[in-house]
Amino acid sequence: QVELVESGGGLVQAGGSLRLSCSASGRTFSPYFMGWFRQAPGKEREFVAAIRWSDGWTFYANSVKGRATISRDNAKNTVYLQMNSLKPEDTAVYYCAAKLVYSGSFDYTRYATYDYWGQGTQVTVSL
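Rules of the game
Residues numbered from 1 in each chain as written. Predicted model: local features only at pLDDT ≥ 70, side-chain atom pairs only at ≥ 80, totals over all residues. Heavy atoms only, no water. Disulfide = S-S within 2.5 Å. Helix = DSSP H or I, 4+ residues; strand = E, 2+ residues; numbered from the N terminus. Buried < 20%, exposed > 50% of the residue type's maximum accessible area, 1.4 Å probe, protein only. Pairing = 2+ DSSP bridges. Axes fitted to C-alpha atoms, helices over the stretch in contact; angles between N-to-C directions.

**Focus on the state of the cysteines**
For the coordinates displayed, the defined rule picks out one disulfide. Between the sulfur of Cys22 and that of Cys96 lies a disulfide, 1.9 Å long from S to S. Here the S-S torsion is close to 50°, and the disulfide linking Cys22 with Cys96 is therefore right-handed. Of this pair, Cys22 sits in strand E3 (residues 18-25) while Cys96 sits in strand E9 (residues 92-99); the two residues are 74 residues apart in sequence, bridging distant segments of the chain. Among the residues examined, Cys22 registers a relative accessible area of 1% and is labelled buried. The buried category is assigned to Cys96, whose relative accessible area is 0%.

**Thoughts on the pairing of strand E7 (residues 68-73)**
If a strand is regular, its side chains alternate between the two faces of the sheet. As judged from the six bridges shared by E7 and strand E8 (residues 78-83), these two strands associate in the antiparallel manner. Of the residues in E8, the one forming a bridge with Asp73 is Thr78.

**What about the sheet that holds E7?**
Reading across from one edge, E1-E3-E8-E7 is the order of the four strands in this open sheet, with antiparallel pairing throughout. With one partner strand each, in any of the chains shown, strand E1 (3-7) and E7 form the two edges of the open sheet. Strand after strand, the sheet turns through a mean of 15° between neighbouring axes, direction not considered.

Structure (structure tokens):
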């Protein structure tokens, strides 16, 4: 069993930056993929970024490409999402997710393919 806990959200001005953290507990952490998703009121949960744990390869949604960086700290069982040049449309609850084992075709942009989820952390970007 894996437990994920996000932190680092808050209120920032447009153009500002923040770093979200997601810490894992419950077992030795060596997932196949880790992802970040976000959900705004009245909208579906959408993909933000993902990282392949074995080699650190990263993948980003077009909406955040060039503004977001996903990274990992293996020793701390933690994945980060650094976001710069924040916009009001980035306002949402941000969730981290883990896919532990590869089991065939894998689309890192689909939330239904991930096994575990954190509780979410609120990000609000003001004008």
